Amino acid sequence: MPRLIRWRDGAAAWGEDALTAVDDDQPVPHGDVLVSLALFQRERRSLLGQGRNLGVIMGPTDEPESLVVDLPGLSVVALTFPKFRDGRAYSAARVLRERLGFKGELRAVGDVLLDMSVPLIRCGFDAFVPADASVPEQWTASASRFRHVYQRAADGRPPAFAERNDLSAVRV
Amino acid sequence: MKALTANRLADGEVVFWTGDVWSERFVDSRLFDDNAEAEAAEAHAKSNIVELVDPYLIDVAAVDGGVVPVSYRERLRALGPTNKPDHGKQAVGGADTALLATAHGAARSKGRVDLIRRK
Amino acid sequence: MYRYDEIDREVLADRVAEFREQCDRRLSGAMTEDQFKPLRLMNGLYLQLHAYMLRVAIPYGALNSAQLRVLANIARTYDRGYGHFTTRTNIQFHWIKLRDAPDILRDLAEVGLHAIQTSGNCIRNLTADPHAGATADEVDDPRIWAEAIRQWSTFHPEFSYLPRKFKIAVTAAAKDRAAIRIYDVGLRLHRDADDALSFEVRVGGGLGRLPHLSPVIRERLPVRHLLSYMQAILRVYNRHGRRDNIHKARIKILVASLGAAEFARQVEAEWELTDKAAIDLPPTELARIRATFARTGFETLPAISTVFEAAKADDRAFARFARNNVMPHKQPGYALVNVSLKAIGETPGDASAEQMEVVADLAERFSLDEARVTYEQNLLLPHVRLDDLPEVHRVLAAAGLATPNITLISDIIACPGLDYCALANARAIPIAQDIARRFADPALAERVGELKIKISGCINACGHHHVGHIGILGVDKKGEEFYQLTLGGSAEADAALGHVLGPALAADRVAPAIDQIVEVYLRERRDGERFIDTFNRAGLAPFKEVVYAPAH
């Protein structure tokens, strides 16, 4: 079974990818599958409601809002980085987590590099398929490097202004 | 005719391939009449990632009893900025500096096209 | 000024440690240049023609004396004794060694400076009115809001990989000294009839290959919602800005292709759905930031200084400096003093380590420890007592920093150009030097009056040539330097893009052409007209006729 990195409680660890990726022109097998948004929309009825784990993989131009009614039935949404410099999936991730309330696994696929760990985790991703042979220990170290953040995002970290408010003890 | 240039990784200094080592002076450049030889040297330089950044070939031409880079940009790299004559390689002076500073006949080279893409 | 607290300092310390490790990995060969380049660019470290260039952010152009001294020390220790102030109110060091870069960032961090987000497709260092906190024509201190955006945009996880770079300018004054219409986002503060503060929000300005002046997308944004509204703008851009063509990736192209009204509708729709309370700063934090900018050091002084008046009467050079470089302050008995980095024949925007130290000393002794950088590549002492002006002038003049030419023809903006920049097609600095030498006589420069010349060495327009009264763009014609002239541009309230005068000129024809253009202006001008007024009335034709007249 293919491996991926999962992020839980401030640490990264290897995990197993239980979903079988299905091409758009293949028949959908039984069991847990990962399908494109187009395939999902075409065969929505037969894919949902069979008691299986279902994941949808979205391209950079796919709108996460199009999944709004189906999100509770999905265990995985995978967002694609065609290049690491293409940051559209960060916005899609925050919309999925913060606006649409997606609670399942949010997976980063494509040109996913260790140096993206902080923005990925802050925007709500919790699973990564790294393209640079990086390992979980590196992800844990890289993602924990900064002691403070300046803005709220999808990870629930208190921003600097909240720390200041809570801790009047912050030294000037 | 071509020469091979790069920037040194650790300090960014412009350097030229002499055939044996990398020199800070353009005048030390190995001059390639043979394109295949030049490209082989370039490929070898590209594998030297610990010492060099962005090695590339530049067009050079014989003028006024010497050889200079064809493009104005490459002559500036071989000299230093014109607003600070005491900075860069030109500060050392010498006949090779004088020739680079006064040469005419600029034209495009493949080297400058590569340079435009880099930051 | 804003003062870093422990949190701000730890953010910088973490960043310095991260970059030191990245540099070590590169220098040891554990990382290739292709892997390293985006990382060094995120710390403002470019490879230019002769060496590495480090671009240090100066948020909203504000510096104190300790920061200026560290910049001077970096120039002296790690560079060749000088730095270059840019149109984005940053400073660039041109002769940096990669192996020194982590130590430089450590030195900068000690005084709250850094190179974070001075490159890359992210929210860049933001600019603001350099007269902030000193001018009577502002409705609030724009630095408060600029600082709020600085923190919010630092390492923003959603907006670190935008389609292209993103620049923000803020002003609170009637007069636009921050060129807000050429920015991706330009914010102007208003005080409404009910005394409430709001922003007029402009989006989609920018120069470069396809210049645009920004339209207004929202007339009145309550200030407390600044950050949530910025998030909505950036999210619409991040999701829908073009990524297929680098020349069409700036937000100006998205705004122009959708139309300002449709872009505004999309932003408003996104903002409606935004959890504003989670994003906007709470009143306590805004009050904390505001308090750091509160100025309490002013003395109660008479509006007229007998020392200042007597010095003007006695010393013609000082009187000229006072006319051109000294500007009124909101506080009676004080003035703003422009420090010209445009000495005749020198490089526009360059300051030596010694000059930076002179300005640091003056800021500390005479300007409540504050100095500013302007986008016109000068420095400014914002709070000088009128009584102290003769001494400040004497010290500046001794350091070559008192050229009385602010907004005059020799106060030229010029990018580094082909003398330093890997992107340039032609040199900009020698052109500026040639022109300035022709107008070295201060009486002549004053007679010509306000005339803004802006020079860029390539179409990326770091020298703002599109919005110069006279713009000069360096182009490459078969490997030789040529220059295209535009007339009639402006970056201020009357913002306009210049009109191309005619075919590009060879380098040695540029300064003579400026002479000719000035002659036509002096001939054509009517009472009190500035160059730009005469141009707007008379048009291109009389200038074109003279510059392109067949040689006799």
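Thresholds applied
Throughout, residues of each chain are indexed from 1 in the direction in which the sequence is written. By the order in which they are written, chains take letters starting at A while ligands take numbers starting at 1. Thresholds applied to this predicted model are a pLDDT of at least 70 for local features of residues and 80 or more for the giving and counting of side-chain atom pairs; totals over whole chains, interfaces and linings are not thresholded and use all residues. Hydrogen atoms and water are omitted, and side-chain values are computed over all heavy atoms in the structure. Only protein chains enter the accessibility calculation, which uses a 1.4 Å probe; a residue whose area is less than 20% of its type maximum is buried, one above 50% is exposed, and one in between is partly exposed. Comment: elements are numbered from the N terminus, with helices defined as DSSP H or I runs of at least four residues and strands as E runs of at least two. Note on pairing: DSSP must find at least two bridges between two strands before they are called paired. Definitions used throughout: a 1 Å grid over protein atoms alone; a cavity as a set of points that fits a 1.4 Å probe which cannot get out; a pocket as an open set with protein on both sides within 12 Å along at least five of seven lines; a lining residue as one with an atom within 4 Å of a point. Grid points are joined across faces, edges and corners, and a volume is the space filled by probe spheres set on the points. When residues are grouped by polarity, Ala, Val, Leu, Ile, Met, Phe, Trp, Tyr, Cys and Pro land in nonpolar, Asp, Glu, Lys and Arg in charged, and all others, Gly among them, in polar. By salt bridge we mean one thing: a side-chain nitrogen of Lys or Arg within 4 Å of a carboxyl oxygen of Asp or Glu. Aromatic pairs are defined between Phe, Tyr and Trp rings, using the six-membered ring for Trp, whenever the two ring centres lie within 6.5 Å; interplanar angles under 30 degrees are classed as stacked, those over 60 as edge-to-face, and all others as tilted. The domain boundaries here were taken from an automatic or database domain assignment. The term buried area means the drop in 1.4 Å probe accessible area that two parts suffer when joined, counted for both and summed. Polar contacts, as used here, are pairs of N or O atoms within 3.5 Å; protein pairs need one atom able to donate a hydrogen and one able to accept it. Residues neighboring in sequence count only if both atoms are side-chain atoms. Working rule for contacts: check all heavy atoms of both residues, and any pair within 4.5 Å makes them a contact. Note on geometry: axes are lines fitted to C-alpha atoms, helical ones only across the stretch in contact, with angles between N-to-C directions running from 0 to 180 degrees.

(A) Expanded view of the pairing of strand β1 (residues 2-8) of chain B. All names here are of chain B. Within β1, six of the seven residues are buried, which leaves it mostly tucked inside the rest of the structure. Both β1 and strand β4 (residues 52-63) contribute to a ladder of six bridges, which runs antiparallel. When the sheet's bridge partners are listed, Leu4 is paired in β4 with Leu57. The pairing of β1 with strand β2 (residues 14-17) spans three bridges and is antiparallel. Bridging from a neighbouring strand, Thr5 pairs with Phe16 of β2. Here β1 hands over to β2 after five residues, with Gly12 in that stretch at a positive phi of 80°.

(B) Molecular detail of empty space enclosed by the protein. Residues and elements named next belong to chain C. On inspection of all chains with the given rule, the structure shows eight cavities of 30 Å³ or more. Here the largest cavity is characterised by a volume of approximately 90 Å³. If you go around the largest cavity, the residues you meet are Ala57, Pro59, His114, Ile116, Gln117, Ile123, Arg124, Asn125, Leu126, Arg150, Ser153 and Thr154. Looking at the lining of the largest cavity residue by residue, the classes come out as five nonpolar, five polar and two charged.

(C) Expanded view of the pattern of salt bridges. Residue and element names in this part refer to chain B. Scanning all chains against the criterion turns up 79 salt bridges over all chains. Where Asp96 meets Arg25, a salt bridge forms, and the shortest distance between an N and an O atom there is 3.1 Å. Here Asp96, found in helix α3 (residues 95-102), pairs with Arg25, found in the loop between β3 (22-23) and α1 (35-46); they are 71 residues apart in sequence, far enough to count as distant. Just as Asp96 is buried, Arg25 falls in that class too.

(D) Summary view of the packing of aromatic side chains. As enumerated under the stated definition, the model contains 20 aromatic pairs over all chains in all. A ring pair is formed by A:Phe84 and C:Tyr161, whose centres lie 6.0 Å apart and whose planes are at 80°; its orientation type is edge-to-face. Taken as a pair, A:Phe84 in the loop between β6 (76-81) and α3 (88-99) and C:Tyr161 in the loop between α5 (142-153) and β7 (168-171) lie in two separate chains rather than in one. Just as A:Phe84 is buried, C:Tyr161 falls in that class too. Ring centres of C:Trp152 and C:Phe159 lie 6.3 Å apart, and the angle between their planes is 55°; this geometry places the pair in the tilted category. C:Phe159 carries the same exposure label as C:Trp152, and that label is buried. Three or more aromatic residues joined by ring pairs form one cluster here, namely A:Phe81, A:Phe84, A:Tyr90, A:Phe125 and C:Tyr161.

(E) Fine view of the domain arrangement of chain C. Residue and element names in this part refer to chain C. The domains assigned to chain C are domain 1 (6-109), domain 2 (134-293), domain 3 (306-398) and domain 4 (413-547). A C-alpha centroid distance of 27 Å is found between domain 1 and domain 2. For the pair domain 1 and domain 2, the two sides together bury roughly 760 Å², of which 61% comes from carbon and sulfur. The interface formed by domain 1 and domain 2 holds one salt bridge in total. In this structure, the salt-bridge partner of Arg150 is Asp8, at a minimum N-O distance of 3.8 Å. Taken together, the connections running from domain 1 to domain 2 amount to one residue pair in polar contact (both at pLDDT 80 or more).

(F) Quick peek at the interface of chain B and chain C. The partner chain C presents 43 residues to the 32 residues of chain B that form the contact. Taking both partners together, chain B and chain C bury about 3,100 Å²; carbon and sulfur atoms supply 54% of that area. Where chain B meets chain C, there are one salt bridge. Here C:Asp350 makes a salt bridge to B:Lys84, at a shortest N to O gap of 3.5 Å. At the boundary of chain B with chain C, the tally comes to eleven residue pairs in polar contact (both at pLDDT 80 or more). Those elements that provide at least two residues to the side of chain B that touches chain C are β1, β4, α2 (72-79) and α4 (110-116) of chain B. The biggest single contributor to the side of chain B that touches chain C is α2(B), with four residues. Looking at the side of chain B that touches chain C, its residues break down into 14 nonpolar, seven polar and eleven charged.

(G) Broad picture of the environment of B:Leu31. All names here are of chain B. Structurally, Leu31 is set in the loop between β3 and α1. A relative accessible area of 32% places Leu31 in the partly exposed class. The sequence separation of Leu31 and Ala61 amounts to 30 residues, and the corresponding C-alpha distance is 9.7 Å.

(H) Representation of helix α12 (residues 316-325) of chain C within the structure. Counted residue by residue, α12(C) has seven buried out of ten residues, so it is predominantly covered. Against the buried residues of α12(C) lie α11 (306-314), β11 (326-328), β12 (334-339), α14 (389-398) and α16 (442-448) of chain C.

(I) Molecular detail of the sheet that holds strand β7 (residues 105-110) of chain A. Residue and element names in this part refer to chain A. Read across the sheet, eight strands follow the order β2-β1-β8-β7-β6-β5-β4-β3 without closing on themselves; strand pairing throughout is mixed. Edge strands, defined here as strands with exactly one partner in the open sheet, are β2 (11-16) and β3 (20-21). Sheet topology note: the strand β5 (residues 54-58)/β6 ladder contains four bridges and is parallel. Residue Ile57 lies in a different strand from β6, and its bridge partner there is Ala78. Sitting on the sheet, α3 touches β6 and β7, and the angle it makes with β6 is about 160°. The strands touched by helix α5 (residues 136-143) are β1 (3-8), β2 and β8 (127-128); relative to β2, the strand with the most contacts, the crossing angle is about 150°.

(J) Quick look at the environment of A:Gly31. Residues and elements named next belong to chain A. Take Gly31: it is sitting in the loop between β3 and β4 (33-36). Taking the relative accessible area as the measure of exposure, Gly31 reaches 34% and is therefore partly exposed. Spatially, the C-alpha atom of Gly31 lies 10.0 Å from that of Leu47, the residues being 16 residues apart in sequence. Apart from the residues within four sequence positions on either side, Gly31 is in contact with Arg52 and Asn53.

(K) The arrangement of the sheet that holds strand β9 (residues 197-203) of chain C in detail. Residue and element names in this part refer to chain C. The strand order across the open sheet built from five strands is β6-β7-β8-β9-β10, with neighbouring strands paired in mixed fashion. At either margin of the open sheet sits one strand with a lone partner, and together these are β6 (127-128) and β10 (216-222). Here four bridges tie β9 to β10, and the two strands are oriented antiparallel to one another. Note on β10: the bridge partner recorded for Ser198 is Pro222. Contacts between α5 and the sheet are confined to β7, β8 (185-191) and β9, with β7 contributing the most and set at about 155° to the helix. Contacts from helix α6 (residues 226-240) reach β7, β8, β9 and β10 within the one sheet, and its direction differs from that of β10 by about 155°.

(L) Main features of unusual backbone geometry. Even without being a glycine, A:Ala133 presents a positive backbone phi close to 60°. You can see A:Ala133 is positioned in the loop between β8 and α5. A residue is classified by how much of its surface remains accessible, and A:Ala133, at 70% relative accessible area, is exposed. Despite not being glycine, C:Thr407 shows a phi value in the positive range, around 70°. With respect to the helices and strands, the residue C:Thr407 is situated in the loop between α14 and β16 (413-414). Owing to a relative accessible area of 23%, C:Thr407 belongs among the partly exposed residues under this scheme.

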